[in-house]
Amino acid sequence: MAETKDKNGEKGEKSEESKPHVCSMCARPSDTVICLQCEAKVRGEVLEHNKDVNKAGRTDTGRR
Ligand SMILES: [Zn+2]
């Protein structure tokens, strides 16, 4: 009886560990911490930020 209970407990723990990874941003199933869509979003935001920096540089150049 005791052995059966232990086996059930192990199964329960394993089932919890085998939970599929989900995106930390949209909580959708993903093999990585952040899914490709959210990763692209983050990259897009970074690119936009870089564009702003480039614009600022151009503006400075134009003023000079
Ligand atoms: Zn996501």
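Since we're looking at a predicted model, the values are computed, not measured.

Student: Give me the lowdown on the overall build of the protein chain, citing residues and values where you can.
Tutor: From N to C terminus, the protein chain includes two helices and zero strands. Here the protein chain, with 64 residues, has 2% of them falling under the buried criterion.

Student: How would you sum up the environment of Cys-23? Please name residues and give values.
Tutor: Following the sequence through the fold, Cys-23 ends up in the loop between helix H1 (2–17) and helix H2 (36–63). Using a count of 18 C-beta atoms within 10 Å as the deciding quantity, one classes Cys-23 as partly exposed. Cys-23 sits 16 residues away from Glu-39 along the chain, and the two C-alpha atoms are 9.7 Å apart. Discounting chain neighbours no more than four positions away, the residues touching Cys-23 are Arg-28, Ser-30, Ile-34, Cys-35 and Cys-38.

Student: Which residues make up the environment of Glu-39, and what are the values?
Tutor: Considering the arrangement of structural elements, one finds Glu-39 in helix H2. Along the primary structure Glu-39 and Met-25 are separated by 14 residues, whereas in three dimensions their C-alpha atoms are 9.3 Å apart.

So, how was this worked out
Starting from 1, residues in each chain are numbered consecutively following that chain's sequence as written. Only residues with pLDDT of at least 70 are given local features in this predicted model, and only at 80 or more are side-chain atom pairs given and counted; all residues enter the totals for whole chains, interfaces and linings. Helix numbers and strand numbers start at the N terminus; a helix is a DSSP run of H or I with at least 4 residues, a strand a run of E with at least 2. For the exposure call, what matters is how many other C-beta atoms sit within 10 Å of a residue's own: 20 or more marks it buried, 12 or fewer exposed, and in between partly exposed, using C-beta atoms placed from the backbone. C-beta atoms are placed from the backbone for every residue, and two residues are taken to be in contact when these atoms lie within 7 Å.

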